[in-house]
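Coordinates in review
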Amino acid sequence: MTSGMRIDHCYRPMFLRPKEINERISMINAVANDFVERLHHLRDQNGTIHNIERELSYWGVESNSSFLFNRRLGFYEKTPDADVLVFFEAAYKMHDNVGVLIDMGPFHKESKSGEDPIEKTTSVADHVFAKRKLTEESLTMLCGLMAAGVDTISTTSLWLLYLLSRNPDKQEKLYQELKPFDSHEDISVNKTVSYLKAALKESLRLHPVASIFSRVFTQDIELHGYHIPAGVNILFQNHLGSIDERNFGEDAKQFVPERWLRDLDTENLKSFDPLGSLPFGHGVRMCLGRRVAEAYIYTLLSKIFIKYRVELSSKQSDVNPILNGGLMRPDREISFKFLLR
């Protein structure tokens, strides 16, 4: 979920290996704990929080900083760093502020040109910039990684919160699996309950945040009777296939996490085309940040639903997806009620 960012192949395994994620899981959990604690203070007397999307964006960027640098940016401190806030505001409005995003990223405080930081620490950023100078290209790459928390990760979490709030029976199933956990214990990917994994897959099927993929072929090809010349930019609308009844049956437009759960008697509860939904892409061009993003979301949503029952505000109108800034976002503000269990 890195907004189409290009990464050298030598760095790709670092972001996909479970070991790299597990080594940083305590910091990812710490950020999630701070977010859940902040929810408690943001609620009004009815437990309602309006427009939580911005809070999710803060959480996403703070989580990315923890993963990339092994250190916090400080969004949950009493007085956050001014440069951090400037970067966040630029990333929040990325399509209008690409130049500011690159120039104002507060990463000069994390890495210094010409040094070999890998000998001092073991952060992901150290590996990326080891034995190379902090060039404009590498800084742009790092800004893309950091900014991914502002849009794709936060919006994906928002859709999952919305769908589970609209389907209290599904939320209750999730809570029953989460009940044995303590909200303050570290929750790793290996500890993530199966129903949450299924719910995230189903949410991404219905609302794939990065719903359009772009590909350019290096040579002419024939595809389903169409001649596609080399160099032509092809756009693929992933959302259309993921809600097509031919791929997912008559309930293709309904939120059914159970379709992703294996059934011991029938092998699969639902039969569908496994390539009908590709929210992260597929193959060698699959989203670099997939495993990391999933770790963030599993951790945060687990802690939220352990502590709270989440409902939509009584005044909340129906929400529809719209394509905004290249991403599939809600067409209006969403207000939730976070009720302590």
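Everything numeric here is computed off the predicted structure, so don't read it as measured data. (Residues numbered from 1 in each chain as written. Predicted model: local features only at pLDDT ≥ 70, side-chain atom pairs only at ≥ 80, totals over all residues. Heavy atoms only, no water.)

What follows deals with helix 14 (residues 290-307). In this model, helix 14 (18 residues) spans 26 Å end to end at C-alpha, consistent with the 26 Å of a helix rising 1.5 Å per residue. Where burial is concerned, most of helix 14 is hidden: 16 out of the 18 residues are buried. (Helix = DSSP H or I, 4+ residues; strand = E, 2+ residues; numbered from the N terminus. Expected span 1.5 Å × (residues − 1). Buried < 20%, exposed > 50% of the residue type's maximum accessible area, 1.4 Å probe, protein only.)

Counting 58 residues, the largest nonpolar core has Phe35, Ile52, Trp59, Leu300, Ile304, Phe336 and Phe338 as the members making the most contacts within it. Mapped by element, the contributors of at least two residues to this core are helix 3 (25-42), helix 4 (53-69), helix 9 (149-166), helix 10 (168-178), helix 11 (194-206), helix 14, strand 8 (308-312) and strand 11 (335-340). Here this core takes 11 residues from helix 14, the largest share from any one element. Counting residues in hydrophobic clusters, the runner-up holds eight residues, among them Tyr58, Val61, Val84 and Phe87. (Core = buried A, V, L, I, M, F, W, Y, C linked by side-chain atoms within 4.5 Å.)

Another point: the pattern of salt bridges. Under the defined criterion, the tally for this structure stands at 16 salt bridges. When the shortest N-O distance is used, the salt bridge between Glu202 and Arg259 registers 2.9 Å. Residue Glu202 is found in helix 11, and its partner Arg259 is found in the loop between helix 13 (245-248) and strand 6 (262-263); the two are separated by 57 residues along the sequence. (Salt bridge = Lys/Arg side-chain N within 4 Å of Asp/Glu carboxyl O.)

For the coordinates displayed, the defined rule picks out six aromatic pairs. An aromatic cluster of three or more residues is present, and its members are Tyr308, Phe336 and Phe338. The ring of Phe248 has Arg205 sitting right over it, with the charged end atom 4.9 Å from the ring centre. If you follow Arg341 out to its NZ or CZ, it ends over the ring of Tyr175, 3.7 Å from the centre. (Phe/Tyr/Trp six-rings, centres within 6.5 Å; stacked < 30°, edge-to-face > 60°. Lys NZ or Arg CZ within 6 Å of the ring centre and 35° of its normal.)

Running from N to C, helix 10 and helix 14 point in directions that differ by 95°, and their axes come no closer than 9 Å. Between helix 10 and helix 14, the crossing angle belongs to the class labelled roughly perpendicular. Mapping the contact onto sequence places Gln171, Leu174, Tyr175 and Leu178 in helix 10 and Ser302, Phe305 and Ile306 in helix 14. Here the residues of the contact of helix 10 with helix 14 sort into five nonpolar, two polar and no charged. (Axes fitted to C-alpha atoms, helices over the stretch in contact; angles between N-to-C directions. Parallel < 35°, antiparallel > 145°, perpendicular 65-115°, else oblique. Contact = heavy atoms within 4.5 Å. Nonpolar A, V, L, I, M, F, W, Y, C, P; charged D, E, K, R; others polar.)

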